[in-house]
Amino acid sequence: MGRIFTHLTQLLALRGFEDTQCGYKCFERDVARDIFSTQVMDGWAFDVEVLYIARRRGYRIAEVPIQWHYRPNSRVNPLTDSIRMIREVWRVRQNGRAAFMTDTLKSI
């Protein structure tokens, strides 16, 4: 499911990342305030939205590998959580387009 989510994320919203979900997210204080004042999602695509906003605003992003361990007792439901993932990544894309259009109209 993780690989499918990564491919879906790259296709719909955020290209160029190996994995948007696994790992730590570290920010400088002013950058965090800027990003999180705009961020609205709190589900599966939370990380995708945060990285999408950061990239859109021109912040430097570094992807640094971490050591990850699989846990067989995961509570992920392949059917319902997959549907939720697709919806949320699509919403990141739609929110990004809406923000772009709003910014474009404001500059005219």
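Structure: see above.
Residues numbered from 1 in each chain as written. Predicted model: local features only at pLDDT ≥ 70, side-chain atom pairs only at ≥ 80, totals over all residues. Heavy atoms only, no water.

Participant: Just give me the short version of the packing of aromatic side chains, but keep the residues and values in it.
Facilitator: Taken as a whole, this structure holds two aromatic pairs when the rule is applied. Measuring from ring centre to ring centre gives 5.2 Å for F27 and F36, while their planes differ by 80°; the resulting arrangement is edge-to-face. Centre to centre, the rings of F36 and F46 are 6.2 Å apart; their planes meet at 20°, and the pair counts as stacked. Of this pair, F36 sits in helix α2 (residues 29–38) while F46 is found in helix α3 (residues 46–56), placing the two residues ten residues apart along the sequence. A residue is classified by how much of its surface remains accessible, and F36, at 33% relative accessible area, is partly exposed. Residue F46 is classed as partly exposed on the basis of its relative accessible area of 27%. (Phe/Tyr/Trp six-rings, centres within 6.5 Å; stacked < 30°, edge-to-face > 60°. Helix = DSSP H or I, 4+ residues; strand = E, 2+ residues; numbered from the N terminus. Buried < 20%, exposed > 50% of the residue type's maximum accessible area, 1.4 Å probe, protein only.)

Participant: Would you mind going over the side chain of D47 in detail, with residue names and values included?
Facilitator: Checked against the element boundaries, D47 lands in helix α3. A polar atom in the side chain of D47 sits 3.0 Å from the side chain of K25. (Polar contact = N/O pair within 3.5 Å; in protein donor to acceptor, adjacent residues only side chain to side chain.)

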